[in-house]
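The chain contents come next:
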Amino acid sequence: YVLYYGSTRPNKNLVNMVKGFAMFTREFQDTETDLVFILKKDRFFRDVERVIRQEKMQTRVRILSQVTPSDQRSVLAGAKVFLFATKYEGFGFPALEAMAAGVPVIAGRSGALPEICGKGAEYVSPDSPHEIAMAIQVLLRDPNRRSELMEAGSQHASLFDWKEAAER
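The rules behind these values
Residues numbered from 1 in each chain as written. Predicted model: local features only at pLDDT ≥ 70, side-chain atom pairs only at ≥ 80, totals over all residues. Heavy atoms only, no water. Salt bridge = Lys/Arg side-chain N within 4 Å of Asp/Glu carboxyl O. Helix = DSSP H or I, 4+ residues; strand = E, 2+ residues; numbered from the N terminus. Pairing = 2+ DSSP bridges. Axes fitted to C-alpha atoms, helices over the stretch in contact; angles between N-to-C directions. Contact = heavy atoms within 4.5 Å. Buried < 20%, exposed > 50% of the residue type's maximum accessible area, 1.4 Å probe, protein only. Right-handed = clockwise from strand over helix to strand, strands pointing away. Phe/Tyr/Trp six-rings, centres within 6.5 Å; stacked < 30°, edge-to-face > 60°.

Caption draft 1: Representation of the pattern of salt bridges in the model. Within the structure shown, the criterion is met by 12 salt bridges. Among the ionic pairs, Asp34 bridges to Arg62, the shortest N-O distance being 3.1 Å. Of this pair, Asp34 sits in the loop between helix H1 (14–27) and strand E2 (35–38) while Arg62 sits in strand E3 (residues 61–64); the two residues are 28 residues apart in sequence, bridging distant segments of the chain. A cluster of three or more residues bridged by salt bridges with shared partners is formed by Asp30, Asp34, Arg60, Arg62 and Arg141.

Caption draft 2: Spotlight on the sheet that holds strand E5 (residues 105–108). Pairing within the open sheet is parallel, and its six strands lie in the order E3-E2-E1-E4-E5-E6. Strands with a single pairing partner mark the edges of an open sheet, and in this sheet they are E3 and strand E6 (121–124). Averaged over all neighbouring strand pairs, the angle between strand axes comes to 25°, with direction disregarded. In this structure, strand E4 (residues 81–84) lies alongside E5, joined through three bridges in parallel fashion. Pairing of Phe82 across the sheet is with Val105, part of E5. Across the sheet, helix H3 (residues 69–78) is in contact with strand E1 (2–5), E2, E3 and E4; its angle to E1 comes to roughly 145°. Strand contacts of helix H4 (residues 93–100): E1, E4 and E5, with the helix running at about 165° to E4, the strand carrying the most contacts.

Caption draft 3: Main features of the environment of Phe91. Locating Phe91 in the fold gives a position in the loop between E4 and H4. For the pair Phe91 and Lys12, spaced 79 residues apart in sequence, the C-alpha to C-alpha distance is 12 Å.

Caption draft 4: How the structure looks around the pairing of E1. Of the two faces of E1, the one carrying Val2 and Tyr4 and the one carrying Leu3 and Tyr5 are both buried. The sheet contact formed by E1 and E2 spans four bridges and is parallel. Residue Tyr5 lies in a different strand from E2, and its bridge partner there is Ile38. Traced from E1 through H1 to E2, the parallel crossover comes out right-handed. The pairing of E1 with E4 spans two bridges and is classified as parallel.

Caption draft 5: Seen up close, the packing of aromatic side chains. By the definition in use, this model includes nine aromatic pairs. Note on Tyr4 and Phe37: the rings are 5.7 Å apart at their centroids and 90° apart in plane angle, and the pair reads as edge-to-face. Residue Tyr4 is found in strand E1, and its partner Phe37 is found in strand E2; the two are separated by 33 residues along the sequence. Each of the two residues, Tyr4 as well as Phe37, counts as buried.

Now the structure itself:
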């Protein structure tokens, strides 16, 4: 599965992530990969639900809520790809957590993500479902690129030392 977790605010770009995932499933005839969201449905999620229905992805997009931190780490560890094609991030902790867990990341080429992810992510335009679809295809089907990103992401995430940051 492809995983996203975080809020549903518009800057998180869930609508385009669903459109990109749907495009990936159609263009590459993928019948096995699901998109998993760990989030709390709120007023911002209505547009996402509408797009899930329009794209006929009701059986392919799974929503998990009420997930403990331990369970979230387990779900992250099992993900093939972490999808974080957001329009704006002040920092981007979820992407950093995914890289630290050895999960390849697709990140939006926006806000703080290029700095936070460094060479540890496959970057896409958050406004392009096509780029999102192509990045999912690459990371699910190209073992060399997956390995490169897993290694680069893990190394880059190790530069962020929480104890040192707290002491500063």
